[in-house]
Amino acid sequence: MTDKRELHLNAFLMEVGHHEAAWRLPESDPRADFDIDHWIRLAKLAEAAKFDALFLADGPALVGTGEFRQPGQIEPLTLLTALSQVTERIGLIATVSTTYNSPYNLARRVASIDQVSRGRAGWNIVTSAGAAEAANFGLTERPDHATRYARADEFLTLTKKLWDSWESESLVTDKATGRYADPSRIHRVDHEGVFYSVAGPLNVIRPPQGHPVLVQAGSSQDGKDFGAKHAEAIFTAHQTYERAADFYDDLKTRVARAGRNPDHVVVLPGIVPIIGSTEAEAQARAEEFDELRIPEFGLLQLASSLEADPSDFALDEPLPEAIVNRRREGSQSRAELIIELGRRESLTVRQILSRLGGGRGHFTVVGTPDQVADTIVDWFEGRAADGFNIMGAALPADLESFIEHVLPILRGKGLFREEYTGTTLREHLGLPVPANQFHHPGT
């Protein structure tokens, strides 16, 4: 590992905030999730603060029933294309599923965003765990956990080939001879695999970053192996420093075992900072959010995560053992996090719903700017994280509060940049441009 590490921070943007009750605050606009001006304001705010990237989560299904919370947001690749034109330096990361896309079209779309943003694109790779998502694509059953990751592995292997199918030196653009490109540097991929058959090459030249930055968000055993093989950044969720540090060490070990440099995989847990000038003020804001929660919504989300029915839970009892011990094909790591949280702190279902309301299992820190900064520094210096996804409970207010009150502390400790030094997302994250697998030096 290098002696000098730089803290990495992404602005994880979600509608009017990550807390499930954020839209009910007096200052919130409940319709902002489909208002482009809302997203432009957030993007410019994060770029002015010199965040590494914006991150947009996504899933191809309605969140809940639509009764108690916004159903979703603008499709992220479309949204990031728009935001690329009103920003200049900040990275742009979108979640897109390997299960419900085709490699050729997705490789082309993500490469195109890297082109129009001049090298700022990132792809958060997910395998889509929900049954509702499968139903939206005509499937009566979702693919099982192992199959989803086997498909994702082939998808990524193929996508990388497609991005490499045009060598960087392929363009000649000689007006005098009329020769636009060198066909010997444009390569068919001729992929015949278990899940996909693609001839190639891509009809978009190689992205400015070589490959858009590859992000992975899965902490199951399959997820960690997949991330160690392919990912350049890992998004993850942990409730304690100890669990985060164990994950960090395990992941970096797997990266080395896969023959890759652990310094070239950035681990970024999510954190929900709820900030006040005093502890009492911060706690009062947290209680305001909690009082606005709709328990029925939280219960629907919990049931979905644990693959159960809402009627299976009693609010003032612990999680039922039959549900705790159930085999799941969905998001295994998030289910395990919730179960462990309930057991570790002997929480009732009602208390679990309260704890999950702010960030769906991501770590919520309630306190003063110094306390929030201390938590970030402790996790960073203790090798539990290389940085964080900052998840504003309400947006833009809590992102503004973090920027105004916490960032100066982190900068004062010499951990976070004052200005951008690079122009691409790879440069922000300290990642190298990948070699082209078709290029042979000297040819």
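Positions within a chain are numbered from 1, following the residues in the order the chain's sequence is written. Per-residue local features are limited, in this predicted model, to residues with pLDDT of at least 70; the limit for side-chain atom pairs, both in listing and counting, is 80 or more; totals at the level of whole chains, interfaces and linings are taken over all residues. Just so you know, side-chain values use all the structure's heavy atoms and leave hydrogens and water out.

The end-to-end C-alpha separation of helix α14 (residues 397-412) is 23 Å, in line with the 22 Å expected for 16 residues at 1.5 Å each. Along α14, the helix axis deviates most sharply at Val406, where the bend reaches about 40°; the proline Pro408 sits within four residues downstream. Each residue gets one of three labels from its accessible area relative to the maximum for its type: buried under 20%, exposed over 50%, partly exposed in between, using a 1.4 Å probe on protein chains only. The helix and strand labels rest on DSSP assignments: H or I over at least four residues marks a helix, E over at least two residues marks a strand, and numbering proceeds from the N terminus. The set of residues buried in α14 consists of Asp398, Leu399, Ser401, Phe402, Ile403, Val406, Leu407, Ile409, Leu410 and Arg411. Note on contacts: a residue pair is in contact if any heavy atoms of the two residues lie within 4.5 Å. Looking at the buried residues of α14, the elements they touch are β1 (8-13), α1 (36-48), β11 (266-275), α8 (279-291), α13 (369-381) and β13 (387-391). Remark: Gly414 follows α14 within two positions and exhibits a positive phi of approximately 75°. Residue count minus one, scaled by 1.5 Å, sets the expected span of a helix. Fitting axes to the seven residues that end at a residue and to the seven that start at it, the angle between those axes gives the bend at that residue.

Next up on the list: the packing of aromatic side chains. For this analysis, a ring pair means two rings from Phe, Tyr or Trp (six-membered ring only for Trp) whose centres lie within 6.5 Å, classed as stacked if their planes differ by under 30 degrees, edge-to-face if by over 60, and tilted for the remaining angles. Summed over the entire model, instances satisfying the criterion amount to 13 aromatic pairs. Consider the rings of Phe55 and Phe235, whose centres lie 4.5 Å apart with planes at 55°: the pair is tilted. In this pair, Phe55 sits in strand β2 (residues 53-56) while Phe235 sits in strand β10 (residues 233-236), placing the two residues 180 residues apart along the sequence. Here the two residues Phe55 and Phe235 agree in accessibility, since each one is buried. Cluster of aromatic residues (ring-pair linked, three or more members): Trp123, Phe155, Trp163, Phe195 and Tyr196. Lysine NZ or arginine CZ positioned within 6 Å of the ring centre and within 35 degrees of the ring normal marks a charge as sitting over the ring. One Lys or Arg, Arg5, reaches over the ring of Phe380 and ends 4.1 Å from the middle of that ring.

Our next topic: the pairing of β2. Residues Ala53 and Phe55 line one face of β2 and the alternating positions Leu54 and Leu56 line the opposite face, and both faces are buried. When β1 meets β2, the two strands line up parallel, connected through four bridges. The residue bridging Asn10 from the neighbouring strand is Ala53, located in β2. When the strands point away from the viewer and the connection leading from the first strand across the helix to the second strand turns clockwise, the crossover is called right-handed. For the segment spanning β1, α1 and β2, crossover handedness is right-handed. What makes two strands pair is DSSP finding at least two bridges between them. Here β2 pairs with strand β3 (residues 91-97) via four bridges, running parallel. When the sheet's bridge partners are listed, Leu54 is paired in β3 with Leu92.

With that settled, consider empty space enclosed by the protein. Using a 1 Å grid laid over the protein atoms alone, points where a 1.4 Å probe fits but cannot get out form a cavity; open sets with protein on both sides within 12 Å along at least 5 of 7 lines form a pocket; any residue with an atom within 4 Å of a point counts as lining. Grid points are joined across faces, edges and corners, and a volume is the space filled by probe spheres set on the points. Per the counting criterion, the structure on display carries one cavity of 30 Å³ or more. Here the largest cavity defines a volume of roughly 40 Å³. Lining the largest cavity we find Glu20, Ala21, Trp23, Phe68, Leu292, Arg293, Ile294 and Phe297. In the scheme used here, Gly and all other residues not listed as nonpolar or charged are polar, with Ala, Val, Leu, Ile, Met, Phe, Trp, Tyr, Cys and Pro taken as nonpolar and Asp, Glu, Lys and Arg as charged. Of the residues in the lining of the largest cavity, the class split is six nonpolar, no polar and two charged.

What follows is about the side chain of His362. Along the chain, His362 turns up in the loop between α12 (349-356) and β12 (363-367). Leave out the neighbours within four places in its chain, and His362 touches Thr236, Ala237, Gln239, Gly270, Val272, Arg334 and Met391.

Before going further, it helps to spend a moment on the environment of Gln221. Along the chain, Gln221 turns up in helix α6 (residues 221-230). Owing to a relative accessible area of 48%, Gln221 belongs among the partly exposed residues under this scheme. Whenever a nitrogen or oxygen atom comes within 3.5 Å of another N or O atom, the pair is scored as a polar contact, on the condition that within protein one atom can donate a hydrogen and the other can accept it, and that pairs from neighbouring residues in sequence are kept only if both atoms are in side chains. A polar side-chain atom of Gln221 sits 2.5 Å from a polar atom in the side chain of Arg254.

Salt bridges are defined as contacts in which a side-chain nitrogen from Lys or Arg sits within 4 Å of a carboxyl oxygen from Asp or Glu. Throughout the structure, instances matching the rule amount to 27 salt bridges. Salt-bridge contacts for Glu15 lead to Arg69; the nearest nitrogen and oxygen are separated by 3.0 Å. Of this pair, Glu15 sits in the loop between β1 and α1 while Arg69 sits in the loop between β2 and α2 (76-84), and the two are 54 residues apart along the sequence. Ionic pairing is found between Asp386 and Lys252, a salt bridge with its closest N-O pair at 3.1 Å. On the criterion of sequence distance, the pair formed by Asp386 in the loop between α13 and β13 and Lys252 in helix α7 (residues 241-257) is long-range, its members being 134 residues apart. The buried category is assigned to Asp386, whose relative accessible area is 7%. Judged by relative accessible area, Lys252 falls into the buried class, the value being 9%. The structure contains a network of salt bridges with shared partners spanning Arg243, Glu340, Arg344, Glu345 and Arg355.

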